[in-house]
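# Report on the structure
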Amino acid sequence: MEALKGVRILDMTHVQAGPTSSQLLAWMGADVIKFEPPQGDATRGQLRDVPNADSLYFTMLNCNKRSITVNMKTPEGKLVFVDLLKKCDIIMENFGPGVLDRFGFTWEKIHEINPKIVMGSIKGFGSTGPYSDFKAYENVAQAMGGAMSTTGVPDGPPFVTGAQIGDSGTGLHLAIGLLAALRQAERTGQGQYVEVAMMDGVMNLCRVKWRDHQRLMHGGLSEYSVPTSKGMGETPRAGNDSGGGQLGNAIKCKPGGPNDYVYVVVQEAVWDALANRVGPEVGMPGLAKDPKYATIGERRKNQSDVWAALNQFALKFTKREFMAILSELDVPCGPIMSTEDLFNDEHVKGREMMVELDHPQRGKWWNVGMPIKLSASPAKIERSPTLGEHTDEVLNQVLGYDAAKVENLKKAGAFSLPPKKAA
Ligand SMILES: CC(C)(COP(=O)(O)OP(=O)(O)OC[C@H]1O[C@@H](n2cnc3c(N)ncnc32)[C@H](O)[C@@H]1OP(=O)(O)O)[C@@H](O)C(=O)NCCC(=O)NCCS
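### So, the overall build of the protein chain
- If you tally the helices and strands in the protein chain, you get 17 helices and 11 strands.
- Along the three orthogonal principal directions, the C-alpha set of the protein chain runs to about 85 × 55 × 50 Å.
- Relative to its 423 residues, the protein chain shows a buried fraction of 35%.

What follows is the structure, encoded as structure tokens:
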């Protein structure tokens with residue numbers, strides 16, 4: 001049985017941050033009803049690769065959900081919303097500031113309608129504080145949560161990371177909060193409001209940069225390859241430094257393509273073995289015992305020599321060959337994997353991290369699989385719904401509306417956009 005079987009979610013989320021969260025809950029077995037405006041989640045039509053088909057932007061974030069379209073700007077649409085609220089355990093949304101309030105549904109009102117329902121909201125900056133009125137997208141959150149200022153090299157511009165820590169990262173935070181609140185609601189009969197701000201989520205994911213920010217009050221950061229000193233204030237960008245207690249860096253391999261690198265962690269325990277293998281081949285036969293590098297403290301100070309030696313050695317090998325050499329020595333390391341590498345990787349296939357699906361509009365396509373593996377209830381991934389695919393089904397099965405009632409609501413415009421006025 002699926003872990004969340006029996007949990008029903010009224011999912012008003014859109015774009016990425018919210019849908020990625022509700023998709024995970026759907027993969028754990030929740031009945032997620034995607035409640036869309038009549039024109040649908042905007043991402044259905046964004047970055048399209050196949051004409052007239054839901055975009056991959058949409059399909060990759062909305063699997064295992066049912067789609068219902070309701071126009072919340074009509075009184076009849078609001079009635080459907082209220083009926084659904086009464087039948088759901090969780091409502092979730094990531095609208096811009098004040099949208100639900102403008103519909104007339106504050107958290108207080110929602111709680112009054114269904115005291116047990118748990119409500120989850122993602123906002124760029126939360127509902128309190130000077131930034132609370134601002135909208136946000138991924139890179140805005142990365143900029144304002146400390147990720148960009150600490151990514152890149154000191155003499156270059158700040159960079160965003162490829163991982164969607166602002167959107168999908170916040171979605172993960174929300175899912176955790178919702179599950180905790182759901183457990184409490186089951187015990188107490190009372191739901192609560194769960195809010196995650198994207199900026200807060202990014203700050204949480206940058207936790208070690210806050211460690212370093214405070215360490216700088218007491219002295220320089222010996223493991224950083226860039227200059228640091230007591231009282232310098234902000235945590236600097238540090239390229240590919242490891243950011244942990246062990247030294248690390250990306251080492252270039254042959255033939256020198258953009259992803260021909262291996263990330264190598266020069267763990268203390270493997271220094272002798274690594275230095276004895278690399279040193280003799282780069283003209284440094286005594287590398288392991290050389291006092292400039294023999295202790296981790298000295299290696300930190302002279303790390304640029306260590307990286308130069310490893311780079312010289314690695315240029316004779318491809319990233320896979322270099323990884324094989326390092327793995328024999330028990331050195332923690334990993335080749336830089338391109339999306340193409342990953343797409344064809346046996347390990348990825350074995351772990352079902354790329355899943356092939358079919359879709360009535362686009363045919364075969366691939367989704368990234370479920371990263372959380374539950375032993376008793378593995379995820380069964382199903383395609384995303386087309387717009388409004390389940391409107392009748394939900395109205396009938398979940399709300400018990402008969403055909404006449406549905407017809408009347410349709411006529412009143414509950415599920416559609418108002419007709420355009422003639423000019
Ligand atoms: C992502 C974001 C910037 C998009 O902004 P946007 O496209 O202007 O969308 P908003 O959420 O502000 O507004 C949605 C609109 O759709 C309308 N809408 C939504 N669902 C509707 C429905 N079922 N029926 C009728 N109208 C609906 C809302 O009423 C609102 O219109 P309004 O401004 O006239 O009230 C904004 O939603 C946001 O900041 N969200 C919070 C942070 C976040 O999640 N960002 C990450 C996105 S990946």
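### Here we look at the domain arrangement of the protein chain
- Splitting the protein chain by domain gives domain 1 (8–204 + 347–411) and domain 2 (247–331).
- Placing a centre on the C-alpha atoms of domain 1 and another on those of domain 2 gives a separation of 45 Å.

### Let's talk about helix H10 (residues 271–278)
- Residues of H10 that are buried: Trp271, Leu274, Ala275 and Val278. Seen end-on, H10 carries its buried residues on one side only, within an arc spanning 95 degrees.
- The elements touched by buried residues of H10 are strand S8 (261–266) and helix H12 (303–314).

### Overview of the site of the ligand
- Taken together, 22 residues lie near the ligand, and Val15, Pro37, Asn94, Gly96 and Lys135 sit nearest.
- Broken down by secondary-structure element, the contributors of at least two residues to the shell around the ligand are helix H1 (17–27), helix H4 (99–103) and strand S5 (118–123).
- For the shell around the ligand, the class distribution of residues is 11 nonpolar, six polar and five charged.

### Thoughts on the sheet that holds strand S9 (residues 333–335)
- With respect to topology, three strands assemble into an open sheet ordered S7-S8-S9, the strand pairing being antiparallel. Strands at the two margins of the open sheet, each flanked by one partner only, are strand S7 (247–252) and S9. Each adjacent strand pair in this sheet contributes to an overall mean axis angle of 15 degrees, direction not counted.
- The pairing of S7 with S8 spans six bridges and is antiparallel. Counterpart to Ile251 in the pairing with S8 is Val262.

### Regarding the nonpolar core
- Counting 58 residues, the largest nonpolar core has Ile9, Leu25, Ile90, Ile91 and Leu178 as the members making the most contacts within it.
- Those residues in contact with Leu25 that lie beyond four places of it in its chain are Leu4, Ile9, Ala30, Val32 and Ala175.
- In this structure, Val264, Val266, Leu287 and Ala314 belong to the second largest nonpolar core, which totals 24 residues.

### Focus: the sheet that holds strand S2 (residues 31–36)
- Ordered in space as S3-S2-S1-S4-S5-S6, the six strands form an open sheet in which the pairing is parallel. Of all the strands in the sheet, just strand S3 (65–69) and strand S6 (193–197) have a single pairing partner and so form its edges. For this sheet the average axis-to-axis angle between neighbouring strands, irrespective of direction, equals 20 degrees.
- Pairing geometry for strand S1 (residues 8–11) and strand S4 (residues 90–93), over three bridges, is parallel. Its bridge partner being in S4, Ile9 is matched across the sheet by Ile90.
- Contacts from H1 reach S1, S2, S3, S4 and S5, with the element oriented near 150 degrees to S4.

### Digging into the packing of helix H7 (residues 168–188) against helix H8 (residues 198–205)
- Closest axis-to-axis distance for the H7/H8 pair is 9 Å, and the angle between their directions is 95 degrees. Considering the angle they form, H7 stands roughly perpendicular to H8. Mapping the contact onto sequence places Gly169, Thr170 and His173 in H7 and Met198, Gly201, Val202 and Leu205 in H8.

Reading the values: rules and limits
Residues numbered from 1 in each chain as written. Predicted model: local features only at pLDDT ≥ 70, side-chain atom pairs only at ≥ 80, totals over all residues. Helix = DSSP H or I, 4+ residues; strand = E, 2+ residues; numbered from the N terminus. Buried ≥ 20, exposed ≤ 12 C-beta atoms within 10 Å, placed from the backbone. Domains from an automatic or database assignment. Arc of directions from axis to C-beta. Contact = placed C-beta atoms within 7 Å. Near = placed C-beta within 6 Å. Nonpolar A, V, L, I, M, F, W, Y, C, P; charged D, E, K, R; others polar. Pairing = 2+ DSSP bridges. Axes fitted to C-alpha atoms, helices over the stretch in contact; angles between N-to-C directions. Core = buried A, V, L, I, M, F, W, Y, C linked by C-beta atoms within 7 Å. Parallel < 35°, antiparallel > 145°, perpendicular 65-115°, else oblique.

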